[in-house]
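In case you want the letters, here they are:
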Amino acid sequence: MTYAGNLIGQRYDDYCRDHRILVEGNLAMVERYGIDLLSCCCQPFSEAADCGAELEYYDNQPPSCRNHLLKEPADLLTLKRPDPHGGGLMTERIKAIELYKKTAGDTIPIQGWVEGPMAQASDLRGINEIMLETVTNPEFALDLMDWVTEMEIEFAQAQIAAGANLIGIGDAAASLVNPTYYADEVAPREKKIVDAIHDAGARVRLHICGSIQGKYEAIKNLGVDLLDIDYLQTVAEVREGTGSTQCLSGNIDPVRGIKDSTPRQIRADFAKAHEEAGENFILAAGCEVPPETPEENVVAMFDYARSAS
Amino acid sequence: MSYELNQLYDSVITGDNKTSHAITEQALAEGIDPMKLVNDHMMPAMDEVGRRFEMNEYYVPELLLSARAMKASMALIRPLMIQFDMEPIGRVVAGTVKGDLHDIGKNLVAAMLEGGGFEVFDLGTDVAPEQFVEAVREHNADIVALSALLTTTMPSMKLTIDAFTAAGIRDQVKVFVGGAPVNQEFADEIGADAYRDNAVSAVAHAKQCMGVST
């Protein structure tokens, strides 16, 4: 994301708002490093913005949302579901997929992106508010996640119709709730999105920022094609928790293990993660590759991947 | 007395803010030393909450609820502390640095510090260096807690520390830094006094800085 924007010398706010810049950045990543994926993921607030939330943009980082759209739970009653083709940021993502398809054809998988139910609920309501409301106003929290789930299914279907082969679901805030709440309330809603994506003919990647310890069984039952793990657990632990057939990707610490590391250490860390994962494994950073990462470190990631595959 | 004071401990742990407020109100009306409520019931309760959080028995919702219950009591106690010149363990100015609007980590640290007996002045998110300087002066802070979630906003931590130096107040405060991309090497590089990777150890270290045994 931010690394791709930097690579073509573009401001990240432009990268997030103009699909042509996003596509140019990712195609440059393919050309420079031989990366095997064209991604549309750029920032988490596209759907919230199209619902009416005001974003703040920065030159070199993802936008933020200072004033969340749902000031009160009752605001959900009047919240209008955005049209993915309505000309907003969701449409930019769909246009990016169409442009990828036109430019690269079927040579490289195209990854669309939606937010998961807990993450999008946080984007619309505020992370502190929705965390408290999972306990103090559970009906509202569930209603909001249901509303979000329907919106994300429609958005995912629109991206698949445009040519996406894979849809990433980012459910960052899901790591913050306890395993019981996740299994009983969040995972079933994630599962609805997963099933809808599969029904539409695409594959699913799930990324949950933060720790997923204690949630392995529920995640395993989602049936995602790729589980993208953050750096807080060892690959060995996640492998044990999710089984040998679950395809995993990850999980080197983006700052200490990628940005601040050395090519030699990166190769060693990837070798360790690879050994722990065994089969069904895709090498990646534990989350985003920071934009300030030295190029030789990025090259080292791809060198290891090629030498090991 | 129609309640047991240990119900205050329980209400903080279970995040029952109405009960914690009611018991505190009643206890103060009966002349119970407010510091007894804080030291014997609320701080041990938040210690237990921190322990449960570290052990993955509590997650963010439970911790925020406990913090809310404790704040409900402190809202009654804090004016009395001021009135009778009772000092908190220390004063902390906390905030997410300029350019960064992520606040859940900062909120957890602020809540745990408050539960640990500190008076916390939470400046919110996207806080400019000059705002931190002003707050340190205004509140006579002992500690400044700086948070960042993005690698792109980490430089704001150094700019904030530089602003303390330029304002001549660097030696008056201990600067703590934290957040997912931050580490000890970065803390050393920018001249911060402490880096901690979780709220519980941040509180323990803050107490050490104030000469309080943990």
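Here's a quick rundown of the structure.

About the criteria used
Position labels on residues start from 1 in each chain and follow its written sequence. Lettering of chains starts at A and numbering of ligands starts at 1, both following the order in which they are written. This being a predicted model, a pLDDT of at least 70 is required before a residue's local features are given, and a value of 80 or more before pairs of side-chain atoms are given or counted; all residues contribute to the totals for chains, interfaces and linings. Derived side-chain values reflect all non-hydrogen atoms in the structure, with water molecules and hydrogen atoms excluded from consideration. Numbering goes from the N terminus for both helices and strands, where a helix is a DSSP run of H or I of at least four residues and a strand is a run of E of at least two. What the globule rule says is 2.2 Å times the number of residues to the power 0.38, and the radius of gyration is computed from C-alpha atoms. Contact definition: two residues touch when any of their heavy atoms are within 4.5 Å. Values of accessible area rely on a 1.4 Å probe in the Shrake-Rupley scheme; residue burial ignores everything except the protein chains shown. In summary, the charge assignment counts Lys and Arg as positive and Asp and Glu as negative, without counting His or the chain termini. The atoms used to mark charge sites are NZ of Lys, CZ of Arg, CG of Asp and CD of Glu. In this scheme, a helix's expected span is set at 1.5 Å multiplied by one less than its residue total. Burial classification: accessible surface area is computed with a 1.4 Å probe over protein chains only, and a residue below 20% of its type maximum counts as buried, one above 50% as exposed, and the rest as partly exposed. Strands were regarded as paired on the criterion that DSSP finds at least two bridges between them. What gets called buried area is simply the loss in accessible area from a 1.4 Å probe that two parts show on being joined, summed for both. Salt bridge, as used here, is a side-chain nitrogen of Lys or Arg placed within 4 Å of a carboxyl oxygen of Asp or Glu. Polar contact is defined as a pair of N or O atoms within 3.5 Å, subject to the rule that within protein one atom must be able to donate a hydrogen and the other to accept it, and that residues adjacent in sequence are counted only when both atoms are side-chain atoms. Only protein atoms enter the 1 Å grid used here. Points where a 1.4 Å probe fits but cannot escape make up a cavity, open sets with protein on both sides within 12 Å along at least five of seven lines make up a pocket, and a residue lines them when an atom lies within 4 Å of a point. Grid points are joined across faces, edges and corners, and a volume is the space filled by probe spheres set on the points. Look down the strands so they point away from you; if going from the first strand over the helix to the second traces a clockwise path, that crossover is right-handed. Each axis is a line fitted through C-alpha atoms, and for a helix only the stretch in contact is used; angles between axes span 0 to 180 degrees, taken between their N-to-C directions. Think of a nonpolar core as a cluster: buried Ala, Val, Leu, Ile, Met, Phe, Trp, Tyr and Cys residues, connected wherever their side-chain atoms sit within 4.5 Å. Residue ranges assigned to each domain were obtained from an automatic or database domain assignment.

1. Details of the overall build of chain A
Line of reasoning, step 1. Check the secondary structure of chain A and you find 14 helices and 7 strands.
Line of reasoning, step 2. Relative to its length of 309 residues, chain A is compact, with a C-alpha radius of gyration of 19 Å against a globular reference of 19 Å.
Line of reasoning, step 3. Each principal axis of the C-alpha atoms in chain A carries an extent, and together these give about 55 × 40 × 35 Å.
Line of reasoning, step 4. Once local pairs closer than 6 in sequence are excluded, the contacts in chain A between residues at least 24 apart make up 67%.
Line of reasoning, step 5. Counting only carbon and sulfur atoms, one obtains 50% of the accessible surface of chain A, whose full area is about 12400 Å².

2. Looking at the overall build of chain B
Line of reasoning, step 1. A tally of regular secondary structure across chain B gives 9 helices and 5 strands.
Line of reasoning, step 2. Computed over the C-alpha atoms, the radius of gyration of chain B is 17 Å, within 12% of the 17 Å expected from 2.2 N^0.38 for a compact globule of 214 residues.
Line of reasoning, step 3. Relative to all contacts within chain B whose residues are 6 or more apart in sequence, the contacts with residues 24 or more apart total 74%.
Line of reasoning, step 4. Here chain B has roughly 9100 Å² of accessible surface; of this, 50% comes from carbon and sulfur atoms.
Line of reasoning, step 5. Charge-centre separation for chain B: the mean point of 16 positive side chains lies 1 Å from the mean point of 31 negative side chains.

3. Section: helix H5 (residues 104–115) of chain B
Residue and element names in this part refer to chain B.
Line of reasoning, step 1. Compared with an ideal rise of 1.5 Å per residue, which puts 12 residues at 16 Å, H5 spans 16 Å between its outermost C-alpha atoms and is within 8% of the ideal.
Line of reasoning, step 2. Burial analysis of H5 places 10 of its 12 residues in the buried class, which makes it a mostly covered element.
Line of reasoning, step 3. Ile-104, Lys-106, Asn-107, Leu-108, Ala-110, Ala-111, Met-112, Leu-113, Glu-114 and Gly-115 are the residues of H5 that are buried.
Line of reasoning, step 4. Looking at the residues trailing H5, positive phi occurs at Gly-117, about 100°.

4. As for the sheet that holds strand S6 (residues 248–252) of chain A
In any sheet, the strands associate via hydrogen bonds between backbone groups, in a parallel or an antiparallel arrangement.
All names here are of chain A.
Line of reasoning, step 1. Strand order in this open sheet of 7 strands is S1-S2-S3-S4-S5-S6-S7, and the pairing throughout is parallel. Edge positions in the sheet fall to strand S1 (38–39) and strand S7 (281–285), since each of these pairs with one other strand and no more.
Line of reasoning, step 2. Examined bridge by bridge, strand S3 (residues 166–170) and strand S4 (residues 203–208) share 5 bridges and lie parallel to one another. By the bridge assignment, Leu-166 is partnered in S4 with Arg-203.

5. A look at the side chain of A:Arg205
All names here are of chain A.
Line of reasoning, step 1. Within the secondary structure, Arg-205 sits in strand S4.
Line of reasoning, step 2. With relative accessibility at 15%, the residue Arg-205 sits in the buried group.
Line of reasoning, step 3. Not counting chain neighbours up to four residues away, the residues in contact with Arg-205 comprise Leu-37, Gln-111, Trp-113, Leu-166, Ile-167, Gly-168, Ile-169, Leu-226 and Asp-228.

6. Examining the interface of chain B and chain A
Line of reasoning, step 1. Taken together, the contact pairs 24 residues of chain B with 29 residues of chain A.
Line of reasoning, step 2. For the pair chain B and chain A, the two sides together bury roughly 2100 Å², of which 56% comes from carbon and sulfur.
Line of reasoning, step 3. When residues of chain B are sorted by the area they lose upon contact with chain A, B:Tyr59, B:Leu101 and B:Thr152 head the list and together hold 26% of the total.
Line of reasoning, step 4. At the junction of chain B and chain A, the tally comes to 1 salt bridge.

7. Quick look at the environment of A:Gln43
Residues and elements named next belong to chain A.
Line of reasoning, step 1. Within the secondary structure, Gln-43 is located in the loop between S1 and helix H4 (46–51).
Line of reasoning, step 2. Exposure remark for Gln-43: the relative accessible area of 3% places this residue in the buried category.
Line of reasoning, step 3. Sequence separation between Gln-43 and Val-298 is 255 residues, and the spatial gap between their C-alpha atoms is 21 Å.
Line of reasoning, step 4. The residues contacting Gln-43, other than those within four sequence positions of it, are Cys-16, Leu-55, Pro-62, Pro-63, Leu-89 and Arg-93.
Line of reasoning, step 5. Within the local environment of Gln-43, its side chain forms a polar contact with the backbone nitrogen of Phe-45, the two atoms lying 2.5 Å apart.

8. Here's the deal with the side chain of B:His205
Line of reasoning, step 1. On the secondary structure map, B:His205 appears in helix H9 (residues 199–209).
Line of reasoning, step 2. Apart from the residues lying within four places of it in its own chain, the contact partners of B:His205 are B:Phe176, B:Ala194 and B:Arg196.

9. Observations regarding empty space enclosed by the protein
Residue and element names in this part refer to chain A.
Line of reasoning, step 1. Following the criterion strictly, the structure yields 2 cavities of 30 Å³ or more and no others.
Line of reasoning, step 2. Around the largest cavity sit Tyr-15, Cys-16, Asp-18, His-19, Leu-22, Cys-40, Cys-42, Ser-46, Leu-89, Glu-92, Arg-93 and Ala-96, which together line it.
Line of reasoning, step 3. Looking at the lining of the largest cavity, the elements that each hand over two or more residues are helix H2 (12–17), helix H3 (19–33) and helix H5 (89–104).
Line of reasoning, step 4. The dominant element in the lining of the largest cavity, judged by the number of residues it contributes, is H5, at 4 residues.

10. A closer look at the pairing of strand S1 (residues 91–96) of chain B
All names here are of chain B.
Line of reasoning, step 1. Burial analysis of S1 places 6 of its 6 residues in the buried class, which makes it a mostly covered element.
Line of reasoning, step 2. In S1, alternate side chains face the same way, and those of Arg-91, Val-93 and Gly-95 on one face and Val-92, Ala-94 and Thr-96 on the other are all buried.
Line of reasoning, step 3. Where S1 and strand S2 (residues 119–122) come together, 4 bridges link them in parallel fashion. Of the residues in S2, the one forming a bridge with Arg-91 is Glu-119.
Line of reasoning, step 4. Traced from S1 through H5 to S2, the parallel crossover comes out right-handed.
Line of reasoning, step 5. Pairing analysis gives 5 bridges linking S1 to strand S3 (residues 143–147), with the strands arranged parallel. The residue of S3 that forms the bridge with Ala-94 is Ala-145.

11. Observations concerning the sheet that holds strand S4 (residues 174–178) of chain B
Residues and elements named next belong to chain B.
Line of reasoning, step 1. The 5 strands lie next to each other as S2-S1-S3-S4-S5, forming an open sheet whose pairing is parallel. Taken across any chain shown, the strands that pair with only one partner, and hence form the sheet edges, are S2 and strand S5 (194–195).
Line of reasoning, step 2. Note: S4 against S5, 2 bridges, orientation parallel. Bridge pairing in S5 places Val-177 opposite Tyr-195.
Line of reasoning, step 3. Seen against the sheet, H5 touches S1, S2 and S3 and runs at an angle of roughly 155° to S2.
Line of reasoning, step 4. Sitting on the sheet, H9 touches S3, S4 and S5, and the angle it makes with S4 is about 170°.

12. Some remarks on the pattern of salt bridges
When charged atoms on two side chains of opposite charge get close, those side chains can pair.
Line of reasoning, step 1. Tallying each qualifying case throughout the model produces 30 salt bridges over all chains.
Line of reasoning, step 2. Of the charged contacts in the structure, one is a salt bridge between A:Asp14 and A:Arg11, with a shortest N-O distance of 3.6 Å.

13. Some remarks on the nonpolar core
Line of reasoning, step 1. Among the nonpolar cores identified, the biggest contains 145 residues, and A:Met118, A:Met131 and A:Tyr182 are the most heavily contacted of them.
Line of reasoning, step 2. Looking at which element gives the most residues to this core, the answer is helix H8 (residues 138–162) of chain A, with 14 residues.
Line of reasoning, step 3. There are two domains that each give this core at least three residues, and those are domain 1 (1–86) and domain 2 (88–214) of chain B.
Line of reasoning, step 4. Filtering out sequence-adjacent residues up to four positions away, A:Met131 remains in contact with A:Met118, A:Ala173, A:Leu176, A:Val177, B:Val60, B:Pro61 and B:Leu64.

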